[in-house]
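# Close look at the chain arrangement
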Amino acid sequence: MELLTRDKVRQDLIELLKDAREDWDHSINVTDETGIFNDLGFESIDAVGLSSSLEAHFDQSLPFPEFMTKVKEQNLKDITVGHLLDFLMANLRQSAERAAA
Amino acid sequence: MSKVVLFGLDGATYTVLDDLVARGMMPTLAEFMRTGVRAKMLSVKPPLTPPAWSTLVTGRTPGHHGVTGFFQYDAPDSLSIQLISSRQLVAETIWSMVNRQGKRAGSLNFVAHQPAPKIDGWVIPGWVSWRWIRRLSHPSTLIDKLKAELPGFDVKSLAIDFEEERKAIVGAPIDDYKDWVGLHINRETQWFNVMKHQMLHDPVDLVGVVYDGVDKLQHLLWPYLDPALTPAEPDAEFLRIRSLCWDYFRNIDNLLKQTMELAGPNTTIFICSDHGFTGSWEILFINNWLEERGYLTWKEGTEAVQDDNQELEPSFYRLSAFDLTRTKAYALTASSNGIYISVKGRKDENGIPPEEYESFRRKLIDELLNECVDPETGEKLITNVWTREEIFDGPMRDIAPDLTLALRDYGFVSVRRNRRMLAKRPQILGTHHPEGVLIARGPGIRQGAVIDDVHLVDVAPTALYSMGLSIPADLQGRVLNEIYTPEFLEAHKLRRGEETKAVAAAAGADAPGDEEAEILEKLKALGYIE
Ligand SMILES: [Zn+2]
């Protein structure tokens, strides 16, 4: 299995967000600073689908509610792609780790 | 052998259905009952939607299938909360059981089905917002295919909408119930249209669909639906709202009629509900009671709700509302009516010493049953307290609450802080009752019979029997022989098959957290609805 580098995970994540946003405006340049609520128009309930989708895509459980709590505690105005990436990089297990687990 | 349709009506109860049949509002259901068999169907304890439907589709109890509520601890030694998904549903589903015997299945709007299991057939999960339903359905091309092929298909109407759903659980008056009821009528029709399209273009041998508006309407509008609560001289407003409710059930009746036509005579249809319904008139703030008894300490600054708060169950509390260093027992989530006992070394180093667990628990049960009383009348508020050994027995037992309560009005406890422990609701709201419905009709099924109570675990084995398939040896329910004619039973011997195929539990299930994240606020609705 491909190594889950930050670039690879970013690519997968953006693909997934695009997939959920069917009216995607392809001119939007998604960067790590792009906010998923304010810039991409997601709603809070979409967190559930995002969580289930990320778990399915990477085939592992993710501590998503904990992440959301941290977001709240830090009073962030929005969750950015960068936040999500930090979270994923901190929690995704590489296939080698999985094989060993 | 017969094909099978599981026609799921979330929360359907004879209290309402019999009244509507008697009034001529549901002629198809009347005919269905005349030519089929009916029984009260006992739900799981507590009668909560996710564990209940999961029991129906697995033929296993919650301690075995792993779904205990809308949210649950991810492991016995963890303080992390998970949102329910198919990762927690660890027992084999009936969809998979029929697949293993060469039959195809379709599953629509069932809880704990996201991401959809990859069965031979098709699955659209329930409780998922429209943006994600495509990715979480199976096959992944299904939603796009429906958009292209099915006129009028609207994924936004089909999928759960938490903003609107929220109204199902908040007792505050809303200006126009018409739009709200209309939304549910439209949603059910969308699900039916999907089922019809799929049955015609991608046929399966077993199809299950859940119409969940029944539950939503009954939660919010129970006084208009329970004939015992109809005023002697109803005013125009009452009649107008009741008429809207009747529109909803007339539509359900129409969908049943179309389902029967679509399915044809060689299909057995099981109308089933995950639990019944009744009225709740009070709110027990159970954590306040635990505080009064010295079992619980709120963290400083935890806000109290108003006494006259009209919400059915206003919050799903984060663990951080409690001072865990000074808390021995707490109710964590609204709908499960569960109390967790904090035991040192179990999840952290707080709580009672493990050797005191049995005596502590016995004392707490005794106090809950005998000393949690109405301050005005002295009447006991809690009618039953179950241990997890009693109702969650099985490999997943230890993720469940230590104790589960049944209240005198069948209500859900509130887990919020209040200035007092008991409040009257300004108006009666619907709540879950342990007795749901099972009404079956089809080849070999007796006509017009009323049989003794059955249980949710019996549906899966009975559906398999109607399909002529063998029954996995480890299902916990039984084939309901009494619904069939003697001739049919004679001609179709029951065959026991190999055990169910274990589903890998979410390996290293480590999704956790504190559940009151703002972002999950909309999910609170789930806590009440169910
Ligand atoms: Zn339900």
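Residues numbered from 1 in each chain as written. Chains lettered and ligands numbered in written order. Predicted model: local features only at pLDDT ≥ 70, side-chain atom pairs only at ≥ 80, totals over all residues. Heavy atoms only, no water.

### Brief notes about the overall build of chain A
Helices and strands together make up the secondary structure of chain A, namely five helices and zero strands. Starting at the N terminus and walking to the C terminus, you meet the elements of chain A as α-α-α-α-α. In chain A, buried positions account for 51% of the 101 residues. Long-range contacts, defined as pairs at least 24 residues apart, comprise 63% of the intrachain contacts of chain A with a sequence gap of at least 6. By element, 47% of the accessible surface of chain A is carried by carbon and sulfur atoms, the whole surface being about 5000 Å². (Helix = DSSP H or I, 4+ residues; strand = E, 2+ residues; numbered from the N terminus. Buried < 20%, exposed > 50% of the residue type's maximum accessible area, 1.4 Å probe, protein only. Contact = heavy atoms within 4.5 Å. Areas by Shrake-Rupley, 256 points an atom, 1.4 Å probe, with all protein chains shown as cover.)

### Digging into the domain arrangement of chain B
Residues and elements named next belong to chain B. When cut into domains, chain B gives domain 1 (3–275 + 456–497) and domain 2 (281–430). A separation of 30 Å is found between the C-alpha centroids of domain 1 and domain 2. Contacts between the two partners involve 33 residues from domain 1 and, on the opposite side, 31 residues from domain 2. Counting the surface lost from both domain 1 and domain 2, the interface buries some 2700 Å², and carbon and sulfur atoms represent 67% of this. In terms of surface lost to domain 2, no three residues of domain 1 exceed Lys45, Tyr73 and Leu79, which account for 23% of the buried area on that side. Joining domain 1 to domain 2, the criterion identifies zero salt bridges. On the surface where domain 1 and domain 2 come into contact, there are seven residue pairs in polar contact (both at pLDDT 80 or more). Put simply, the parts of the chain that give the side of domain 1 that touches domain 2 at least two residues each are helix 4 (62–65), strand 3 (71–73) and helix 11 (213–225). Broken down by element, the residue count for the side of domain 1 that touches domain 2 peaks at five residues, all from helix 11. (Domains from an automatic or database assignment. Buried area = accessible area lost by both parts, 1.4 Å probe. Salt bridge = Lys/Arg side-chain N within 4 Å of Asp/Glu carboxyl O. Polar contact = N/O pair within 3.5 Å; in protein donor to acceptor, adjacent residues only side chain to side chain.)

### Some points on the coordination of the zinc ion
Residues and elements named next belong to chain B. Donor atoms from the polypeptide that coordinate the zinc ion comprise Asp10 (OD), Thr49 (OG1), Asp274 (OD) and His275 (NE2), at 1.9 to 2.1 Å from the metal. One can describe the donor arrangement at the zinc ion as tetrahedral, given that its four donor atoms subtend angles of 96 to 131 degrees at the metal. Considered as a linear motif, the donors of the zinc ion on their single chain read D-x38-T-x224-D-H. Linking Asp10 in the loop between strand 1 (3–9) and helix 1 (14–22) with Thr49 in helix 3 (residues 49–58), this pair joins segments that are 39 residues apart in sequence. Residue Asp10 shares its accessibility class with Thr49, and that shared class is buried. (Donors = N, O, S within 2.8 Å, 3.2 Å for Na, K, Ca; no water. Tetrahedral: all angles 85-135°; square planar, octahedral: opposite > 155°, others 65-115°.)

### A word on the pattern of salt bridges
Applying the stated criterion across every chain yields a total of 40 salt bridges over all chains. Between Arg104 of chain B and Asp120 of chain B there is a salt bridge, and its shortest N-O distance comes to 2.9 Å. Placement of the pair is Arg104 of chain B in the loop between helix 5 (94–100) and strand 5 (105–110) and Asp120 of chain B in the loop between strand 5 and strand 6 (121–125), with a sequence separation of 16 residues. With a relative accessible area of 22%, Arg104 of chain B lands in the partly exposed category. Its salt-bridge partner being Glu367 of chain B, residue Lys363 of chain B comes within 3.1 Å of it at the nearest N-O pair. Here Glu367 of chain B and Lys363 of chain B lie together in helix 14 (residues 357–371), a separation of four residues that amounts to about one turn. Look at Lys363 of chain B and you get partly exposed, because its relative accessible area is 48%. Taken together, the shared-partner salt bridges connect Arg6, Asp7, Arg10, Asp32 and Asp86 of chain A into one network.

### Brief notes about the sheet that holds strand 11 (residues 329–330) of chain B
All names here are of chain B. The strand order across the open sheet built from four strands is 11-12-14-13, with neighbouring strands paired in antiparallel fashion. A single partner strand is all that each edge strand has here, and the edge strands are strand 11 and strand 13 (382–387). Pairing between strand 12 (residues 338–341) and strand 14 (residues 403–407): two bridges, direction antiparallel. Note on strand 14: the bridge partner recorded for Gly338 is Thr404. (Pairing = 2+ DSSP bridges.)

### Quick word on the nonpolar core
Residue and element names in this part refer to chain B. By size, the foremost hydrophobic cluster in this structure holds 94 residues, and its most contacted members are Leu284, Ile286, Ile339, Leu364 and Leu368. Two domains each provide a minimum of three residues to this core, namely domain 1 (3–275 + 456–497) and domain 2 (281–430). When near neighbours in sequence (up to four residues on either side) are disregarded, Ile286 contacts Ala331, Ile339, Leu368, Ile382, Leu405, Val413 and Ser414. (Core = buried A, V, L, I, M, F, W, Y, C linked by side-chain atoms within 4.5 Å.)

### Here's the deal with the environment of Asp19 of chain B
With respect to the helices and strands, the residue Asp19 of chain B is situated in helix 1. With 120 residues separating them along the chain, Asp19 of chain B and Pro139 of chain B place their C-alpha atoms 40 Å apart.

### Describing the packing of aromatic side chains
Residue and element names in this part refer to chain B. This model, assessed by the stated rule, comprises 16 aromatic pairs over all chains. Where Phe70 meets Trp127, the ring centres are 5.2 Å apart and the plane angle is 65 degrees; that geometry is what we call edge-to-face. Linking Phe70 in the loop between helix 4 and strand 3 with Trp127 in the loop between strand 6 and helix 6 (130–133), this pair joins segments that are 57 residues apart in sequence. Relative to Tyr330, the ring of Phe322 has its centre 5.3 Å away and its plane inclined at 35 degrees; by these criteria the two rings are tilted. There is no split in this pair, since Phe322 and Tyr330 are both buried. One aromatic cluster is present, built from ring pairs that chain together Tyr73, Trp298, Phe322, Tyr330 and Tyr340. Above the face of the Tyr14 ring, Arg38 is positioned so that its terminal group lies 4.0 Å from the ring centre. Above the plane of the ring of Trp130 lies Lys156, whose end atom (NZ or CZ) is 4.5 Å from the centre. (Phe/Tyr/Trp six-rings, centres within 6.5 Å; stacked < 30°, edge-to-face > 60°. Lys NZ or Arg CZ within 6 Å of the ring centre and 35° of its normal.)

### Quick notes on the side chain of Thr267 of chain B
Following the sequence through the fold, Thr267 of chain B ends up in strand 8 (residues 267–272). Looking at Thr267 of chain B, its side chain comes within polar contact range of the main-chain oxygen of Ala263 of chain B, at 2.9 Å.

### Here we look at the confidence of the model for chain A
Summarising the model, chain A shows a mean pLDDT of 81, and 83% of its residues fall at 70 or more. For chain A, per-element mean pLDDT is lowest for helix 5 (residues 95–100) of chain A, which scores 63, and highest for helix 4 (residues 81–91) of chain A, which scores 93. (pLDDT = per-residue confidence, 0-100.)

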